[in-house]
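Observations on the model geometry
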Amino acid sequence: MTFWIVFLVFFSDLWYTGSTSPNIVLLFADDLGFGDLGCYGHPTSITPNLDIMAANGLRFTDFYCASPVCSPSRAALLTGRYQTRSGVYPGVFYPGSKGGLPLNETTIAEVLKPLGYATAMVGKWHLGIGANGSFLPVYQGFDHYLGVPYSHDQGPCQNLTCFPPDTKCYGMCDQGVVLLPLFFNNTIIQQPVSFPDLVPHYNKFTTEFITESARKKQPFFLYYASHHTHYPQFASALTAGKSLRGRFGDALMEFDTSVGVILEALEASGIQNNTFVFFTSDNGPELFRMSRGGNAGLLKCGKGTTYEGGMREPAIAYWPGRIQPGVTHELGSTLDLLPTIAALAQAKLPSAQLDGYDMSNILFTSQSSMRKTMFYYPVDPSIKLGVFAVRYGKYKAHYYTRGSSHSETTPDHDCHITAGLQAHDPPLLFDLESDPSENYNLMVYDYQPEYDLVLKKIQELKAQFEETMVFGESQIGKGSDHSLEPCCNPQCTPKPACCSCIP
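Criteria and thresholds
- Residues numbered from 1 in each chain as written.
- Predicted model: local features only at pLDDT ≥ 70, side-chain atom pairs only at ≥ 80, totals over all residues.
- Heavy atoms only, no water.
- Helix = DSSP H or I, 4+ residues; strand = E, 2+ residues; numbered from the N terminus.
- Buried < 20%, exposed > 50% of the residue type's maximum accessible area, 1.4 Å probe, protein only.
- Arc of directions from axis to C-beta.
- Contact = heavy atoms within 4.5 Å.
- Pairing = 2+ DSSP bridges.
- Disulfide = S-S within 2.5 Å.
- Expected span 1.5 Å × (residues − 1).

On to unusual backbone geometry. Residues other than glycine predominantly adopt negative phi, and peptide bonds predominantly adopt the trans conformation. Of note, the amide linkage connecting Pro-164 to Pro-165 takes the cis form, showing an omega dihedral of 5 degrees. With respect to the helices, strands and loops of the structure, Pro-165 is situated in the loop between strand S5 (161–163) and strand S6 (167–168). The step from Lys-495 to Pro-496 runs through a cis peptide bond, and the omega angle for that step is 5 degrees. Along the chain, Pro-496 falls in the segment after helix H12 (450–468). Located in the positive-phi region is Lys-217, a residue other than glycine, with phi close to 55 degrees. Mapped onto the elements of the fold, Lys-217 is located in the loop between helix H6 (195–215) and strand S9 (220–225). The phi dihedral of Gln-346 is positive, around 55 degrees, even though this residue is not glycine.

All right, on to helix H2 (residues 48–56) then. Turning to H2, its buried residues are Asn-49, Leu-50, Met-53 and Ala-54. One face of H2 carries all of its buried residues, which in axial projection span an arc of 140 degrees. Turning to H2, the residues buried within the fold contact strand S1 (23–29), strand S2 (58–64), helix H7 (246–268), strand S10 (275–281), strand S11 (312–318) and strand S12 (326–328).

A word on the pairing of strand S15 (residues 389–392). The side chains of a regular strand alternate between the sheet's two faces. Pairing of strand S14 (residues 373–376) with S15, which is carried by 4 bridges, proceeds in the antiparallel orientation. Pairing of Thr-373 across the sheet is with Tyr-392, part of S15. In this sheet, strand S16 (residues 395–401) lies alongside S15 in antiparallel orientation, the contact comprising 4 bridges. Bridge pairing in S16 places Ala-389 opposite His-398. Where S15 folds back on S16, the antiparallel hairpin that results is connected by 2 residues, among which Gly-393 adopts a positive phi of roughly 60 degrees.

So, on to the state of the cysteines. What the rule picks out here adds up to 6 disulfides. As a non-bridged cysteine, Cys-65 has Cys-70 as the owner of its nearest cysteine sulfur, 10 Å distant. Taking relative accessible area as the criterion, Cys-65 reaches 0% and is therefore assigned buried. Residue classification places Cys-70 among the buried positions, given a relative accessible area of 3%.

Attention now goes to H12. Think of an α-helix as 3.6 residues a turn; residues three or four steps apart then line up on the same face. Over its 19 residues, H12 extends 28 Å from the first C-alpha to the last, a length consistent with the 27 Å expected when each residue adds 1.5 Å. For H12, the full list of buried residues reads Tyr-451, Val-454, Leu-455, Ile-458, Leu-461, Lys-462 and Phe-465. Looking straight down H12, one finds that the buried residues subtend no more than 125 degrees of arc, so they occupy a single side. Opposite the buried face of H12, at more than 90 degrees from it, the exposed residues are Leu-453, Lys-456 and Glu-467.

What follows is the structure, given as structure tokens:
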């Protein structure tokens, strides 16, 4: 009897860790709000594939990105470190930015490569290009890269088609820079990109990458960083005009279709039971775009702010047979993905100080999260001001608040750019379990003496964290150089207008 117990324990442990390395798929949306998906309560979003993942996987209610804007959020996701450490601040990279994600930072792809993983990235990079493409994904651990290296509004779009047959993109986008390039590895293959054809091109690539990796029995890491649902929205003929939410809904529906393509490829290759799939978004919705800008649900404000709507994101973990269906209220963050993936693959962690935690407790045993706090940095973090807010358990304290142009038009004036920097002493204190909308400051509306102890504990945690924070040299602060903007015909004149190559 003892022998069989020992055997079953050993076999169970072998099944848990996996006799072969698990495949990893990260699905990263762009400017998607907490309230934008059907499985998070939106009544007219058509997201059947993400809804299936949520129904058959683990849906998070308290999951956070590390920044309320794009580039720093992506740096934190890939490195497991706050963007302040890597220097990806303030704001975001531009086509001609001199800086980028430092090459001495270790990405998830670089963690997995020594174990024989095939690695590929598809979509939006937004961590710098640099001279001769030195900051592109192929120099950061990825074998292959197919995508646009920054936000797709960072180039003139007024004459481009966003929806077939010939609906032009809404708005002007950035002017005075090169047209949007499409890269394969470190080579521009199209400029400007054809929006209606872009995602079908991505879908073909992801299917072939998954199929070929499975055929070779090689574990893989696929990082699919969608452009959806960032402005200007676009879509192919497959979803254009098919949703109930207008152009935003069409774009979201196209992203969901890509999720379905990936899930189908995993199933067709017979590897769905050995693949960890995780979905989330880079930051909250750009509310000033109104109906074209997404929805934060019941959360306060959106992109660009350290209120919940700016950094609390939908998130789903999916692994048939391994992750039990359900909903978790435990704390999680994009910072936790690198250590979690390293644990799943039994990979060595980077030597640099990490800010993430292994989420295995939450994913596989429904235990408490190792993460007890979340620190909220603004778009432009500084040593002088430090973190703007701290979440500890169910409580959140705001030391500073500020609105953002990204969150204009909402009726809440706290979200607007006119709501300038305001220090709070004592900090604003909210119970996010009973008041996720951050409406009722406990120090005013329901004061209890115990709240003083809560704030004291939060202050201690804040001080301890900030003592360990060493700000890296600002990469975005290095500025831009028009000569670094990607051009498919680098010797042409006059730039940027001459940078156009359509195969």
